[in-house]
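Spelled out, the chains give:
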Amino acid sequence: MRSVSGSLLVLGACLLPFGSFSAWSAPQLSDSSKVPGDTLAVSDSTGAPADTAAVSDTVAGKPKRSSPKKQEFTDTVRYEADCIDYDADGKKLRLTGNARIEYQKIVLYADTILYTIDEDLFTASGMPQLIESGDTTVGDSMVYNIKTRRGRVNHASTHLSDAYFNGNKIVKSNKNELYVDAGDYTTCAVVDTPHFCFYGRHIKVIPNDKIVSRPVVFNIGEAPVAALPFFIFPIERKRRSGFLTPVWGGHPNGGGYLDNLGGYFAPNDYVDFTLTARVYEFKEFIANAASSYNLKYRLNGSISSRYTLNSDFNNSRQEWAVNYTHNQNITPDGKTKLSGSGNLVSASDFYKQFSEDSSELREQNLRANLSLSQQIDVVNGSMNLSWDRSHNLRTSVINENLPVLTFNLPNRPLIPHNEDNGNDSLRWFNNIYWGYNARGLMKHTAASNDSIKEEFHPGISQSFSLSAPQKLFKWISVSPNFNASVASFRGYKDTAVARYDTLSDTVTYIITPSTKDTRYPDYTLIDYDTIARNNFAEPESILVRKYRQTVTAVHNEYPDAIVHVPTWNAGVSMSTNLYGTFPIRIFNFAGLRHTFSPSLSYMFTPEKDLLDKEFHDIGISYDRGHKRSQQLGISIQNQFDGKTVKEARDGEKPEENKFSILQVGMSTNYNFEAETRKWGNLSTNASTSYKNIRLNSNAGFWMYDENDALHAPILSNFNFSLSIGTLSAKGNLWGGDLLVLDSLQPDDDIKYANVNNTGWSVSLTPSYSFSISRSSPTELFVPEKRYSLSSGASLNITRNWSLQWSSTYNFQQNQWVQNSINIACDLECWNMKFQWRPERLNPGYYFLINIKKIPEIKWEQRRG
């Protein structure tokens, strides 16, 4: 039997089948158009009459064809089947045998399809399959309205985005919502026997929003493992308001818990709110509230809070903590900015008792800061006003800078050059640059438990720099420079000791004869005294007396004195580069280039007496004093580069490859003001590399012997290191699964759609270093060798099971350390990971199994 195809042309209230049309488009005719009274033969695609596909119904009226009127084009219903019957009176079209109907983005396949034209209704039976915008629905029978987009499917299965639904009945509303009666939902592509599913008696699916089920039973395979009276699955991929997916779990020691109870609220595109709660064994309750905001080019920030309630009878507590950040452009041009951050807690042991964050547990510190910055275009500078505070929860010490004022003028020409005159008018004095920086603060130190005295200490630091880089003879670079700074403090104390105070402390306590006395080990014993005896006159209680004397050095302090500590230095540096080429040609080696880079530097620092004053540590550095010095620095660097040339092909240029061969350098200095040992130590360095292999060498030499006499360089230390990068190898084990484990069954294209072929890889990253050193020319060298070896291996046991291992070998302990073994399994819709750390320092494991497309549904366990 030959297939018959055709199109339904929109003729006002009538749709006429034309089986011989290959182009599926038609003009619309007037309502008065009539079909001729004779039988309409439907031919196949070749134009020959179809032997069994005939539309035999007629329309009442004279067999007179009316002239079509000019109308607009409309949508077309396209169809094909083995047999097509058209009822003109009832305006019904019946397609039988491999029936197919297409309308807009809707395609319907079935064994039999009845199309009621006036009602725009499809009624399909015989394994109907409806495809609409990529979503597929199949069932035993189907009714669907192409205008309202409403439908009903009995014993149906449908595919919607990443979800699969099966049910006794599926009804689709005109809002594209699905109502599933006694069905299940899964994301597993193995629809007939899914690895998991959620069964619900009544399921409502709102596309791109959520799935609501009442009730819901979670099944793994065919086994039910959990049930809830109702459940909401969010399927919206974009940011939206709604309830969060709860997480539940437990531990043999810690008991059960419920987590992530709450919701997310996004009222607009600029702010959101999150509220979650966690319950442990109904004894401890933790509530988290968080909000973030972002207004582009204006401001952004976040605030989060935690509230804990412990209902334990012996230790009932209510505590809270707050973290916040804020950044804002005060002016539209972004030149005035405000930023701040901080954290608060209600109790000093909050992090210790309730936090799971490693940094909070480690630092035990509260911080807060606020900063206002301003760019000053008039002087091309910037200014910053800030406040910061630190509170150590362990020691209760508070350090605060209130405020810190910073003013900065980066380097700029002392005599600016007029760019309108061009570079030809640039003079030497246009290359003189200067810069200035100032920083002032008030340091506040206190303790919340009054363990230390509250103090305020102000200070100011200022620095000025002047430089003038120039070119001599176009190839020598000369750069004189001058630097000056001054640090100002209020209050100091003498470094000399004014007196010594002696503090005596005596302690007494009672012990028993059987108790070992380990208390106050830094105290000196005075005596033991028996204060009680038993019935046998044996000592029962012993009184112990100990004492300690502490000697404290006392310095005279001058809290109101203002002291300035200035310092300065001046110098000049000179350098150049000299190039030489050697036309050495060996095979494709085309030449050698040598770059010789000598440099000299001179620095003068005036003498500064050692200060007899000591200032409080407020974050401002100062010069404590030094001798007069005139340092001449000498440095020589050599760079050797090679070039290879490949012969040119026809019509192409030769291919050149430049590479580095060797770098060799040395440096030393000479102090004109030193009384002895005017020459400083000589340092040398050399390095070379080829692909991943790199060699480095450094050495230090004394220029004087043990009698301070000038001598040929004497080796003081030497270091050599070798690294060859990562050595790796990989390959395939076999074409199929020899150890199929979970897949002893035939291959499944769906199951193995996203997995790799079986294979292996091994990598090693070794390095080696050797060094010798000594502290004087008469001593022997002390050698030291260091080895390092990092390694890793991976093995895809099957197409969905993989094993990975990484470790580092400790040559001192002669054992592998930092071991990590990872096992992963890809089960199409499930994902499993297991990490094991079999080591002494940080042993433990982590296990996770979750649904890929619903990662919130998981089971995880960890230790360490």
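Here goes a summary of the coordinates provided. Bear in mind the structure is a predicted one, so any value in this text is a computation, not a measurement. (Residues numbered from 1 in each chain as written. Predicted model: local features only at pLDDT ≥ 70, side-chain atom pairs only at ≥ 80, totals over all residues. Heavy atoms only, no water.)

Comments concerning the side chain of S355
1) Next: Relative to the helices and strands, S355 resides in the loop between α1 (350-354) and α2 (358-363).
2) Next: At 2.5 Å, the side chain of S355 and the side chain of E360 are in polar contact. (Helix = DSSP H or I, 4+ residues; strand = E, 2+ residues; numbered from the N terminus. Polar contact = N/O pair within 3.5 Å; in protein donor to acceptor, adjacent residues only side chain to side chain.)

Looking at the sheet that holds strand β38 (residues 539-554)
1) Next: In space, the three strands of this open sheet follow the order β36-β38-β37, with antiparallel pairing throughout. Edge positions in the sheet fall to β36 (499-511) and β37 (524-533), since each has one partner strand and no second. Sheet twist, expressed as the mean angle between neighbouring strand axes with direction ignored, is 20°. (Pairing = 2+ DSSP bridges. Axes fitted to C-alpha atoms, helices over the stretch in contact; angles between N-to-C directions.)

Quick look at the packing of aromatic side chains
1) Next: Throughout the structure, instances matching the rule amount to 32 aromatic pairs.
2) Next: A ring pair is formed by Y670 and W679, whose centres lie 4.9 Å apart and whose planes are at 65°; its orientation type is edge-to-face.
3) Next: Residue class for Y670 comes out buried when judged on its relative accessible area of 19%.
4) Next: Their ring planes at 75° and their centres at 5.5 Å tell us that W805 and W816 sit as a pair that is edge-to-face. Here W816 lies in strand β52 (residues 815-827) and W805 lies in strand β51 (residues 801-810), a separation of eleven residues in the sequence.
5) Next: Judged by relative accessible area, which is 28%, W805 ranks as partly exposed.
6) Next: Exposure remark for W816: the relative accessible area of 36% places this residue in the partly exposed category.
7) Next: The structure contains a cluster of three or more aromatic residues connected by ring pairs, namely F165, Y185, F196, F198, F218 and W830.
8) Next: Directly above the ring of W434 sits R412, whose terminal nitrogen or CZ lies 5.4 Å from the centroid.
9) Next: The positively charged end of R519 is found above the aromatic ring belonging to Y509, 4.5 Å away from the centroid. (Phe/Tyr/Trp six-rings, centres within 6.5 Å; stacked < 30°, edge-to-face > 60°. Buried < 20%, exposed > 50% of the residue type's maximum accessible area, 1.4 Å probe, protein only. Lys NZ or Arg CZ within 6 Å of the ring centre and 35° of its normal.)

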